[in-house]
Amino acid sequence: VRSALVMWTKTNVPELSKVSVLMKQRTKVEETLRAMQHAGAGNLQVISDFDMTLTRFAHCGKRVPTTHNILDHRILIDEDCTQKMRALLNFYYPIEIDASQTSEQKLPLMVEWWTKVHHLLIQQNIQRDMLAQAVRESGVILRDGYEVFFDRLAELQVPLLIFSAGVGDILEEVVRQSRVFHPNVHVISNYMDFDDHGVLRAFKGHLIHTFNKREGALLHAANLPELQGRPNVLLLGDSLGDLTMADGVAQPHHLLTVGFLNDQVEERKESYVEAFDIVLVKDETMEVPNGVLKFIT
Ligand code: C5P
Ligand code: MG
């Protein structure tokens, strides 16, 4: 009976047979999938990271910009700011993805990175009216199959919480320009604070960086009325820090985590397979999340 069930699931989520898929416990994944299918769309919420999870890591051999990097446009910041932000990226990004350091070790350095970059940005008199053009000209691109992902969740009225350590105003513009900012989409991120003239003066609220998403989850996600009474969670991320995005869910029943492993693959493979239920190695598509959604709803 067991092998028949396994066969049955396999044929129903064919995407899990892709070569990019790694799973430590395939049987456990299949059991979770069946339990989530049984509970249905009415009990489901999806929590996803944004940069390098909903957006592609690379396209045509070039890195796709993060929301912070979209701000690197001459209509928003000057040459000197570009240089300084790049220097910070070159110093801190390798630390962010370093497999030999723990999240706790990285945490103060991430606060340093975000704080320095936000400070630089605040000095640039960035105009809110210019953000849309910067996004249009940035080359940012969502993962292949994103329309199916966003549209299906909207159709089923399943809330999609996008939880990002990036810049919320830019993130929203990317989603809007991609024509998928449906009413079921909710965003938790770092938002810009503009003055009466539409000029950036500060960032609002508590800083969100890659390794403090748990705090944001408890502070914000736990209180979103749209997410209440939905104990099953499909979580998507590309950083080990993203695994804490569901910590605000009261009494979760079933949690299925999908991790995109984009960079430093060999160094991080083991830790990702230990931490995420499903790991997608250098997979630039939404095929697996879409296959999972199709099965459980
Ligand atoms: O949406 P997400 O939480 O993934 O956004 C955070 C990402 O933005 C980090 O993974 C980090 O590499 C990137 N970042 C950046 N420039 C900064 C700060 C963060 O590209 N100044
Ligand atoms: Mg990310």
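Owing to the predicted nature of the structure, the values given are computational and were not obtained by experimental measurement.

Here we look at the overall build of the protein chain
Looking only at helices and strands, the protein chain features 11 helices and 11 strands. Over its C-alpha atoms the protein chain spans a radius of gyration of 19 Å, differing by no more than 12% from the 19 Å that the globule rule assigns to 297 residues. Projected onto its principal axes, the C-alpha coordinates of the protein chain cover approximately 65 × 40 × 35 Å. A separation of at least 24 residues holds for 71% of the contacts in the protein chain among residues at least 6 apart in sequence. With an accessible surface of roughly 13,700 Å², the protein chain has 52% of that area assigned to carbon and sulfur atoms. Averaged over its 30 positive side-chain charges, the protein chain has a centre that lies 4 Å from the centre of its 39 negative ones.

Details of the coordination of the magnesium ion (ligand 2)
Listed as protein donors to the magnesium ion (ligand 2) are Asp 49 (OD), Asp 51 (O) and Asp 238 (OD); their distances from the metal cover 2.1 Å. If you list the donors of the magnesium ion (ligand 2) from N- to C-terminus, the spacing comes out as D-x1-D-x186-D. Pair noted here: Asp 49 is in the loop between strand 2 (44–48) and strand 3 (58–59) and Asp 238 is in the loop between strand 9 (232–237) and strand 10 (254–261), with a separation of 189 residues, a long-range link. When sorted by exposure, Asp 49 lands in the same class as Asp 238, which is buried.

What to know about the sheet that holds strand 2
To summarise the sheet geometry, strands pair through backbone hydrogen bonds and adopt either a parallel or an antiparallel arrangement. Pairing is mixed across the open sheet formed by seven strands, whose spatial order is 1-11-10-9-2-5-6. Each edge of the sheet is formed by a strand with only one pairing partner; in this case those strands are strand 1 (21–22) and strand 6 (185–190). Direction of pairing for strand 2 relative to strand 9: parallel, over a ladder of five bridges. Paired with Ile 47 across the bridge in strand 9 is Leu 235.

Considerations on unusual backbone geometry
Apart from glycine, the bulk of residues carry a negative phi angle, and the bulk of peptide bonds sit in the trans form. Located in the positive-phi region is Met 52, a residue other than glycine, with phi close to 70 degrees. Residue Met 52 is classed as buried on the basis of its relative accessible area, which comes to 5%.

Concerning the packing of helix 2 (residues 26–39) against helix 11 (residues 287–296)
At a minimum axis distance of 8 Å, the contact between helix 2 and helix 11 shows a crossing angle of 50 degrees. Relative to helix 11, the element helix 2 is oriented oblique. Residues Leu 33, Arg 34, Met 36 and Gln 37 of helix 2 form the contact with helix 11, whose participating residues are Val 292, Phe 295 and Ile 296. For the contact of helix 2 with helix 11, the class distribution of residues is five nonpolar, one polar and one charged.

With respect to helix 4 (residues 79–96)
With 18 residues, helix 4 extends 25 Å from end C-alpha to end C-alpha; this agrees with the ideal 26 Å at 1.5 Å per step. The set of residues buried in helix 4 consists of Cys 81, Thr 82, Met 85, Leu 88, Tyr 92, Tyr 93, Ile 95 and Glu 96. Against the buried residues of helix 4 lie strand 4 (62–63), helix 3 (67–70) and helix 5 (103–122).

Remarks on the site of ligand 1
Neighbouring residues of ligand 1: 16 residues in total, closest Asp 49, Thr 66, Glu 96, Ser 164 and Ala 165. Between ligand 1 and the protein, one listed contact pairs an oxygen atom with a backbone N or O atom of Phe 50 at 3.5 Å. Separating an oxygen atom of ligand 1 from a side-chain N or O atom of Ser 164 is a distance of 2.6 Å. Within the complex, 96% of the 460 Å² of free accessible area of ligand 1 lies under protein. Secondary-structure elements contributing two or more residues to the shell around ligand 1 are helix 3, helix 4, helix 5 and strand 5 (160–167).

Topic: the pattern of salt bridges
Any two side chains of opposite charge can pair if their charged atoms end up close together. Under the definition given, this model contains 19 salt bridges. Residue Asp 49 pairs with Lys 213 through a salt bridge whose shortest N-O separation is 2.8 Å. Placement of the pair is Asp 49 in the loop between strand 2 and strand 3 and Lys 213 in helix 9 (residues 213–219), with a sequence separation of 164 residues. One salt bridge connects Arg 74 with Glu 79, and the closest N-O pair in it is separated by 3.0 Å. Relative accessible area serves as the criterion here: at 43%, Glu 79 is assigned to the partly exposed category.

As for the packing of aromatic side chains
Any pair of aromatic rings gets described here by the distance separating the centres and the angle formed by the planes. One pass over the full model with this rule turns up five aromatic pairs. Between Trp 113 and Trp 114, the aromatic rings sit 5.0 Å apart at their centres with planes inclined by 70 degrees, giving edge-to-face as the arrangement. For Trp 113, a relative accessible area of 10% puts it in the buried group. With relative accessibility at 8%, the residue Trp 114 sits in the buried group. Look at Phe 149 and Phe 150: their rings are 5.7 Å apart centre to centre, the planes differ by 85 degrees, and that puts the pair in the edge-to-face class. In this pair, the class of Phe 149 matches that of Phe 150, namely buried. Through a chain of ring-to-ring contacts, the aromatic side chains of Phe 91, Tyr 92, Trp 113 and Trp 114 assemble into a single cluster.

The rules behind each value
Residues numbered from 1 in each chain as written. Chains lettered and ligands numbered in written order. Predicted model: local features only at pLDDT ≥ 70, side-chain atom pairs only at ≥ 80, totals over all residues. Heavy atoms only, no water. Helix = DSSP H or I, 4+ residues; strand = E, 2+ residues; numbered from the N terminus. Rg over C-alpha atoms; globule rule 2.2 N^0.38 Å. Contact = heavy atoms within 4.5 Å. Areas by Shrake-Rupley, 256 points an atom, 1.4 Å probe, with all protein chains shown as cover. Lys, Arg positive; Asp, Glu negative; His and termini not counted. Charge placed at Lys NZ, Arg CZ, Asp CG, Glu CD. Donors = N, O, S within 2.8 Å, 3.2 Å for Na, K, Ca; no water. Buried < 20%, exposed > 50% of the residue type's maximum accessible area, 1.4 Å probe, protein only. Pairing = 2+ DSSP bridges. Axes fitted to C-alpha atoms, helices over the stretch in contact; angles between N-to-C directions. Parallel < 35°, antiparallel > 145°, perpendicular 65-115°, else oblique. Nonpolar A, V, L, I, M, F, W, Y, C, P; charged D, E, K, R; others polar. Expected span 1.5 Å × (residues − 1). Near = heavy atom within 4 Å. Polar contact = N/O pair within 3.5 Å; in protein donor to acceptor, adjacent residues only side chain to side chain. Salt bridge = Lys/Arg side-chain N within 4 Å of Asp/Glu carboxyl O. Phe/Tyr/Trp six-rings, centres within 6.5 Å; stacked < 30°, edge-to-face > 60°.

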